[in-house]
Amino acid sequence: MSRITPLRSFARTGCIDLCTRTRVKSIVTCGILALLAWLPAALAAHWKVPGAARDWRQLDTQHFRIHYPLGYAALAQRAALYAEEAHVRYRRVLGFRPTRVIPVFIFASNQDFSAGNITPGLLDEGVGGFTDFYRGRVVVPFNGDEAALRHVLAHEIVHAFQFQILPGPGYGRYPLWIMEGLSEYLALGWDASAEAYARDLVLHERMPSLLQLQRGEVASSYAYYKGGQAAMMFLAETYGEERLGYFLRELGALDDVEAAVSSSFGRSLADLDVEFRRFMQARYAPARAALREDPRLRRASDRYAERSGFFLRPALSPDGTQIAFLGRSGLFPAVIVRPAPASDVDGERMRERVIELRALRSLRYEEFQPLTTRISFSPDGKRLLVAGRAWGEQALIVIDMERAAIVATYAPDLDALQFPIFSPDGTRALFTGVRAGQADLYTYEFSSGALVQLTDSPEYEAEASYARDGRQIYFAAGLVADDPGRQLFRLASDGAAGSRVQLTDLPGAVADPRPAREGGVVFSTDFSGVRNVYRLNDAEGRTAPARAAELMPLTASAVGVLHAELSLAPNDGAERLLFTEREEGALEMRLLTAGLAVETSPTDPLRVSAVAPSAETTRTFDPAQYRMPTRGVELETSLAIENPNAPYEPRAGIEGFPFILIGGSSANGGEARFTALAAGSLADDLGDHRVSGLVGYSNPPPEWTLDARYAYTKFRTDFFLGAYRQKGAFPVASLFDLSLNNLLYNPYARILDQDVYGFYAGAEHPLGRFMSLRLAYDQGREERFFRGEEPEEREQADIFRNFQNVALGLAYNNLVYSAYGPLDGQSLLVSYTVPIRTSADDRELYTTIVEYRLYHWFENQSLLALRIFGGAARGEHAYDYPFRIGGYNTVRGYDFQEFEGVNAAFVNLEYRFALIEPFGFAVPTHWSPGALRGALFFDAGAAFDEARSFQGYTSQSGTTRDLHLSYGAGLHWPNFLGFVIPGATMKIEWATPYDLKRSLPPKKWRGAFSIGFNF
């Protein structure tokens, strides 16, 4: 659930409403229909859980307005310098000077960024920043790594330029390889990550072509970033960097990629594609010729056999017999533990015993953080330590492998926790902690909760490990705050002053330092151009930085090593090296042991001869020459900062695109009706203040539906208030339910006229990402006039009442969603509404609602969905506000809202499966209607007034009585209007009533058409 949850969701659900949901005479639509539906509460996103509330400040430069939290002024001033340097370079390359000041927002941590209100959705760790194309806001987090901040800031500022150069509306209008590739290239040039990506794919003949990028024929979104970056590097080296700006301006003027390519480069996109492929093949021809298999390595994963190329941050158990890694289990990220391969696996099937620990499903493990966590085995090999988020806080999470369960969570008072590892005795955790924008090394004692800061340095310090004896710590750190390069350092384990020693002086970056035998330390570095693993002798307590000649190579990867881990088996003392290596765009795990070394020595079982990468495999990239393109760009004038540390000034702006819909309808008697709907939203730059409204109008007679809301969301608890009015027998629009279904099934059945108005206020407090408490107050007046009841209809008196309600709700939701709707997980909604009576005219209505949903996803892309609903209305006026069930959205096979009563319950059990996979058309243009899915379902429900008279089953006849059963089948066209209503599904379903003995023949099953969201 999120802040877009409907306000009165605890008094109503997506399937049943109290008070007004009844039927009217059939109306046939004849105009433009509003095919929209507001997202039901149970299908909204998870809750945002911000960190501590922060006071915001801002400063102004010539081209930017930098917004930052109080206490981050120095960082904001450095960010202003980075932004202005990027502005100078981009104006030159792109040949364009922006006409508007660019607002920049720097969040103090990834958690604050993820839970920020600028965008309505939750952002995971993989989103390093974004640029809002509606209002041009650049939004980035800071996690202690200033080099990463500089990169992301430079990348997003390119987008700010693009959005002013290219005509709108919308980011998705232009190809991603151009938008993201140009942003990466202008921000980074040709860097180590792009080199590693391109080298791997070219060497394995998997590099995407320009035509594939243009048509979207790539496997992952990462290909648009790095594949596009490679394309821009090719264009810049072949035609000159300034031609990139000409190409972007031509794209904006011509609004056609093919025409812009022809105008800018004098050739067609197909010809340019051939030239690009030849360029990349020639660049890596020597490396490809030198490519060879390393016979010493054992495969610890197989992307083809396991149907996954996601094997991240592997770790070895202390005895080297088990491997743990971050992977996937079906839909979900997971921590997976498996036996290490005992022999060469050529032709051998990987053993299948795997322990899966699913993430993103529990309040004790709310967020998967693959970029800044790692897995650590406890000294006894029985527990695992990872970083994540628990109960809305950054936390150290301890997992018991035997129980496959989380057994402890610890939440030190820090903005971020990164790269945790157990101490040699298992009593503490060592990790990088971020506080007040600075990343330092910390230890946390599990028993006492003592948090000890070991370092105090502006440079980013990460990936620390204890030496074998526990008296020293190895870690990687930059020499200056914004340097993407890293060197190896040693520090006393108690952080003693003066014990910090720099151990390497290499171009490129050092990562993954791990202690080895006999005082050695193993780490990875790309100083040669390709990242490989090396060993450095530190037995003598080295005090001077080592050069490349002193390093002993352990691996000879031609495509790059990631995330190396070393273990020392206690039984035989053998060292085992585990690492991930790129292969065809995937990550594969490799294991290197002493027994497979080509040549060994008594003192170093891992030492091999002729293993260093050759010049032919590395000559295309020199880390010593790499610098960010924006670094050191000379400003046209000195950086002038105005209004430093000024208070944040909220500026209201339109949020998204307001919309107006016009339609019409005719009743059975031929009377025409005009309808219109308008909706929009305003918010300040931070999104802490939000005003939204919806106006509906129909005529004749003139009838208005109004709903306006203000929300204040700066703190962890959200506050909201609003006012509404609903006038007429058939309101054209409601903030809570606007869909074609109202026109088809006409819920206002017996209402001749109505006038309901009031206001509401409340607060919602997230307990964590998956659970929330809400308190709401609702006050107003209702006047409803009903037609006379027909046979078998309950009596319904006209209503003239004031009402005051207090509603308390608890919601839990860990569902995983897609365009098909919920796929897996559980949700629970419990609400209780109490009336407040100050006079006899006030309504007395107590309501209780409980709804539970369960989904289970199968590997064949089918799923089982279960929904259980129960509701009860009590009080003097409860009889006037029955629950109504039956029809397309509750118990199928019966008339819409056929059954009513002050008590109601129903169950839906549905099996959904793929029927027709997505297919495409070429006429009139390339498009695909998506997939067609099938469903088999069983429904059961009842609505009644008196529990004493309710009889669900009669033993004499062996059939049901007041309990109504049905079963059937349906066709679902999911996300058929994704460009208008993301996630909406068109459904045609057929069902038959069933009383345990009788049902209708298939040709007489009742059919129902609906558009909405799958429960």
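Use the structure listed above.
Residues numbered from 1 in each chain as written. Predicted model: local features only at pLDDT ≥ 70, side-chain atom pairs only at ≥ 80, totals over all residues. Heavy atoms only, no water.

Asks: Quick rundown of the overall build of the protein? Include the residues and the values.
Replies: Across its full length, the protein holds 14 helices and 53 strands. Across the 1015 residues in the protein, those meeting the buried criterion constitute 58%. In the protein, 61% of the contacts between residues at least 6 apart in sequence involve partners at least 24 apart. Carbon and sulfur atoms make up 55% of the accessible area of the protein, which totals about 40,900 Å². (Helix = DSSP H or I, 4+ residues; strand = E, 2+ residues; numbered from the N terminus. Buried < 20%, exposed > 50% of the residue type's maximum accessible area, 1.4 Å probe, protein only. Contact = heavy atoms within 4.5 Å. Areas by Shrake-Rupley, 256 points an atom, 1.4 Å probe, with all protein chains shown as cover.)

Asks: Go over the sheet that holds strand 16 (residues 416–422) with me, naming the residues and quoting the values.
Replies: Through backbone hydrogen bonds, the strands of a sheet pair up, either in parallel or in antiparallel fashion. The strand order 16-17-18-19 describes an open sheet built from four strands, whose pairing is antiparallel. Two strands bound the open sheet, and with one partner strand each, they are strand 16 and strand 19 (451–453). Strand after strand, the sheet turns through a mean of 30° between neighbouring axes, direction not considered. Relative to strand 18 (residues 438–445), strand 17 (residues 428–435) runs antiparallel, the two being bridged by eight bridges. Looking at strand 18, one finds that Leu 430 is bridged to Thr 443. (Pairing = 2+ DSSP bridges. Axes fitted to C-alpha atoms, helices over the stretch in contact; angles between N-to-C directions.)

Asks: Residue-level account of the sheet that holds strand 24 (residues 510–515), with values.
Replies: The four strands are arranged 24-25-26-27 in an open sheet whose pairing can be described as antiparallel. In the strand order of this sheet, the two ends are held by strand 24 and strand 27 (552–553), each with one partner.

Asks: Report on the packing of helix 1 (residues 73–94) against helix 8 (residues 242–254), specifying residues and quantitative values.
Replies: The N-to-C vectors of helix 1 and helix 8 enclose an angle of 75°; their axes lie 6 Å apart at closest approach. In terms of orientation, helix 1 and helix 8 fall into the roughly perpendicular class. Across the interface between the two elements, Arg 92, Val 93 and Leu 94 from helix 1 touch Glu 242, Gly 245, Leu 248 and Arg 249 from helix 8. Residue composition of the contact of helix 1 with helix 8, by class: three nonpolar, one polar and three charged. (Parallel < 35°, antiparallel > 145°, perpendicular 65-115°, else oblique. Nonpolar A, V, L, I, M, F, W, Y, C, P; charged D, E, K, R; others polar.)

Asks: So what's going on with the pairing of strand 43 (residues 846–857)? Which residues, and what values?
Replies: A regular strand carries its side chains on alternate faces of the sheet. Every second residue of strand 43 is oriented toward a common face, the buried set being Thr 847, Ile 849, Glu 851, Arg 853, Tyr 855 and Trp 857 and the non-buried set Tyr 846, Thr 848, Val 850, Tyr 852, Leu 854 and His 856. Across nine bridges, the pairing between strand 42 (residues 821–835) and strand 43 is antiparallel. Note on strand 43: the bridge partner recorded for Gly 825 is Tyr 855. Both strand 43 and strand 44 (residues 863–874) contribute to a ladder of twelve bridges, which runs antiparallel. Looking at the pairing, Val 850 lines up with Gly 870 of strand 44.

Asks: Please set out unusual backbone geometry residue by residue, giving values where relevant.
Replies: Of note, Phe 419 is a non-glycine position whose phi angle comes to about 55°, a positive value. Relative to the helices and strands, Phe 419 is located in strand 16. Here Phe 419 falls in the buried class, since its relative accessible area comes to 6%. Even without being a glycine, His 563 presents a positive backbone phi close to 50°. Structurally, His 563 can be placed in strand 28 (residues 561–568).

Asks: Any details on the pattern of salt bridges? Residues and values, ideally.
Replies: Side-chain pairing between opposite charges can occur once the charged atoms of the two side chains come close. Under the criterion given, the structure shown has 64 salt bridges. Residue Asp 273 pairs with Arg 277 through a salt bridge whose shortest N-O separation is 3.1 Å. Of this pair, Asp 273 and Arg 277 both sit in helix 10 (residues 269–283), four residues apart, which is roughly one turn of that helix. Residue classification places Asp 273 among the buried residues on the basis of a relative accessible area of 3%. For Arg 277, a relative accessible area of 36% gives the class partly exposed. Salt bridges sharing partners connect three or more residues here, namely Arg 206, Arg 299, Arg 303, Glu 581, Glu 583, Glu 584, Glu 588 and Arg 590. (Salt bridge = Lys/Arg side-chain N within 4 Å of Asp/Glu carboxyl O.)

Asks: Mind laying out the packing of aromatic side chains, listing which residues take part and the relevant values?
Replies: For the coordinates displayed, the defined rule picks out 37 aromatic pairs. Where Tyr 90 meets Phe 161, the ring centres are 5.8 Å apart and the plane angle is 90°; that geometry is what we call edge-to-face. In this pair, Tyr 90 sits in helix 1 while Phe 161 sits in helix 3 (residues 146–165), placing the two residues 71 residues apart along the sequence. In terms of burial, Tyr 90 and Phe 161 fall into one category: buried. Measuring from ring centre to ring centre gives 5.7 Å for Tyr 197 and Tyr 222, while their planes differ by 80°; the resulting arrangement is edge-to-face. In this pair, Tyr 197 sits in helix 5 (residues 192–203) while Tyr 222 sits in helix 7 (residues 222–239), placing the two residues 25 residues apart along the sequence. The exposure class of Tyr 197 is buried, given its relative accessible area of 9%. Each member of the aromatic cluster is reached from another via a ring pair, and the members are Phe 234, Tyr 239, Phe 247, Phe 265, Phe 276 and Phe 279. Of note, Arg 500 hangs over the ring of Phe 489, and the distance from its end group to the ring centre comes to 4.6 Å. (Phe/Tyr/Trp six-rings, centres within 6.5 Å; stacked < 30°, edge-to-face > 60°. Lys NZ or Arg CZ within 6 Å of the ring centre and 35° of its normal.)

Asks: Account for the environment of Thr 717, with residues named and values stated.
Replies: Summarising the element assignment, Thr 717 is placed in the loop between strand 36 (703–712) and strand 37 (718–727). Sequence separation between Thr 717 and Ser 772 is 55 residues; the distance between their C-alpha atoms is 9.8 Å. Apart from the residues within four sequence positions on either side, Thr 717 is in contact with Tyr 712, Ala 763, Glu 764 and His 765.

Asks: Hey, could you go over the packing of helix 4 (residues 176–188) against helix 8 for me, with residue numbers and the actual values?
Replies: Between helix 4 and helix 8, whose axes approach to 12 Å, the crossing angle comes to 155°. In terms of axis orientation, helix 4 runs roughly antiparallel to helix 8. Here helix 4 and helix 8 pass one another in a crossing that is left-handed. Residues Ile 178, Leu 182 and Tyr 185 of helix 4 lie in contact with helix 8, whose contacting residues are Leu 244, Phe 247, Leu 248 and Leu 251. Of the residues in the contact of helix 4 with helix 8, the class split is seven nonpolar, no polar and no charged. (Left-handed = near helix turned anticlockwise from the far one by under 90°.)

Asks: Tell me about the environment of Gly 870, and please be specific about residues and values.
Replies: In this structure, Gly 870 sits in strand 44. Along the chain, Gly 870 and Ala 905 lie 35 residues apart, while their C-alpha atoms are 4.2 Å from each other. Ignoring anything within four residues of it in the chain, the contact list for Gly 870 reads Thr 848, Ile 849, Val 850, Ala 904 and Ala 905.

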